[in-house]
Amino acid sequence: MGFGENWRKWIICCVEYVKFPVLINGSANGYFTCKKRIRQGDPIFPFLFLLVGEDLTFMIKRAQEQGIISGFQVKSDGLNISHLQFSDDTLIFLDADVDQVRNLRAILISFELLTGLKINFAKSQIFGVGFEGDLSIFSSIFDYYSGCLPTTYLGLPLGDKYGGVAKWDKIIEKFLSKLAGWKKPLLSGAGKIQLIKNILASLPLYFMSLYEIPNSVIKKLEKIMKDFLCHDNKGRRKLHLVKWLALSRKKKQGELGIKNLKRMNQALLTKWSWRYAVEDESLWKSIVEEKYGSGETIWIPKNPTCIYGRSVWRYIMNHNSSFLKFVRFKVNDGSMCRFWDDNWIYDSLIKTCYPNLYAQSRSKHSSVAELGFAVGDSVTWNLHTPTRLNAAART
């Protein structure tokens, strides 16, 4: 990889000259040297692991180029994805073919021999996506466990029906488990508020960053927080003196500033629209473009119209209109900015300022560059309207 000699010597020292003590009756007695290990928690370990993980990526890609294994494609002539890596966790995509599974096993064993790392096959699983056959044929080659969908991956449900409420049961259980460990008699009202703001209200953020939270789940979570705040130190029920909606207002407005779960969920989902606009080379954006296509301009994703399933992306796009209300554009050359539908000159869209003129235009989805022509230091606009406008269109 082109690393210098001094750098390699430093890494060898970190790996080969690590000493470990032996605890006898709670005290360290004696040390022994390990030649192939880094201390647990060493900050250099994640960086070294990423370097070694690049070798596995190279081997899988080379095997894919040679046709030994295959990945998956969103469409027939689209991007071919063979694997995904997150830290020390790897997803590898294959066809339901015995030869490909055997080839993958050979690649993984070669990786073990080259790097000295040991793949934990006991913690690995094989899943069939759209495969109705017997997975034991493939799992027996690896000595894997054959899993079934839906499952959980990186803390999120995988292969689950998106509209289901059952996956939010884990969040509700986390709420209740946190409350069970807190000693209410020792907590003041201010202490309860801090626990709600910093811990309870933050627990569902990971889920809410990808899924739309159902109203029924919001009511359950808010009820748990309300009861925890308003009940006395012995857990006895008391009247709620203030509406929960008032408590979720900002401190500047004289309230407590507790997170509003519905608004927070909306903000997290609309963040995907922003990421779609600014992350030009990201893998997830390429997959979304291939599956659903782009909108009228490149930076706006297309709203899915498929009738099968209840896709995550469809519910994210339901909040795209809220995102566009707070976006203001720099025109530059005008090719990326829509004349009627983007906020680029006034505080609101031109089509809302001049609805009659918009109704007469034959170029409702054109960009600024398509309707404007530079003539010296000025710009001439051709809105493709009829030559004779009626009185309503002139206003």
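Fair warning: this is a prediction, and the values are worked out from it, not measured in the lab.

(A) Region of the structure containing helix 6 (residues 189-198). Within the sequence span of helix 6, burial applies to Lys192, Ile193, Leu195, Ile196 and Lys197. Turning to helix 6, the residues buried within the fold contact helix 8 (215-230) and helix 9 (244-247).

(B) How the structure looks around the pattern of salt bridges. This model, assessed by the stated rule, comprises seven salt bridges. Where Lys285 meets Asp280, a salt bridge forms, and the shortest distance between an N and an O atom there is 3.5 Å. Among the residues examined, Lys285 registers a relative accessible area of 4% and is labelled buried. Among the residues examined, Asp280 registers a relative accessible area of 58% and is labelled exposed. Of the charged contacts in the structure, one is a salt bridge between Asp342 and Arg338, with a shortest N-O distance of 2.9 Å. Exposure remark for Asp342: the relative accessible area of 1% places this residue in the buried category.

(C) Quick look at unusual backbone geometry. Between Leu149 and the following residue, Pro150, the backbone shows a cis peptide bond with an omega angle of 0°. One can find Pro150 in the loop between strand 8 (145-146) and strand 9 (151-153).

(D) Representation of the pairing of strand 11 (residues 372-375). In this sheet, strand 12 (residues 378-381) lies alongside strand 11 in antiparallel orientation, the contact comprising four bridges. In the sheet register, Phe373 faces strand 12, and the bridge partner there is Thr380. Between strand 11 and strand 12, which pair antiparallel and follow one another directly, the connecting turn spans two residues, one of which, Gly376, has a positive phi of 65°.

(E) The arrangement of the nonpolar core in detail. Of all hydrophobic cores here, the largest spans 29 residues; its most connected members are Trp168, Phe175, Ile196, Leu200, Leu221, Met225 and Phe228. Those elements giving two or more residues to this core turn out to be helix 5 (169-181), helix 6, helix 7 (205-208), helix 8 and helix 9. At seven residues, helix 8 tops the list of elements feeding residues into this core.

Rules used in this analysis
- Each chain carries its own residue numbering, running from 1 in the written order of its sequence.
- Confidence filtering applies because this is a predicted model: local features only for residues at pLDDT of at least 70, side-chain atom pairs given and counted only at 80 or more, and all residues used for totals across whole chains, interfaces and linings.
- Computation of side-chain values covers all heavy atoms of the structure but excludes hydrogens and water.
- The cut-offs for exposure are 20% and 50% of the maximum accessible area for each residue type, with area from a 1.4 Å probe on protein chains only; residues under the lower value are buried, those over the upper are exposed, and the others partly exposed.
- Each helix is a run of DSSP H or I of at least 4 residues and each strand a run of E of at least 2, with the numbering of both proceeding from the N terminus.
- Here, two residues are considered to be in contact whenever any of their heavy atoms come within 4.5 Å of each other.
- We define a salt bridge as a contact between a side-chain nitrogen of Lys or Arg and a carboxyl oxygen of Asp or Glu at a distance within 4 Å.
- Strands are labelled as partners when DSSP assigns at least two bridges between them.
- Here the nonpolar core consists of buried residues drawn from Ala, Val, Leu, Ile, Met, Phe, Trp, Tyr and Cys, with membership extended through side-chain atoms lying within 4.5 Å.

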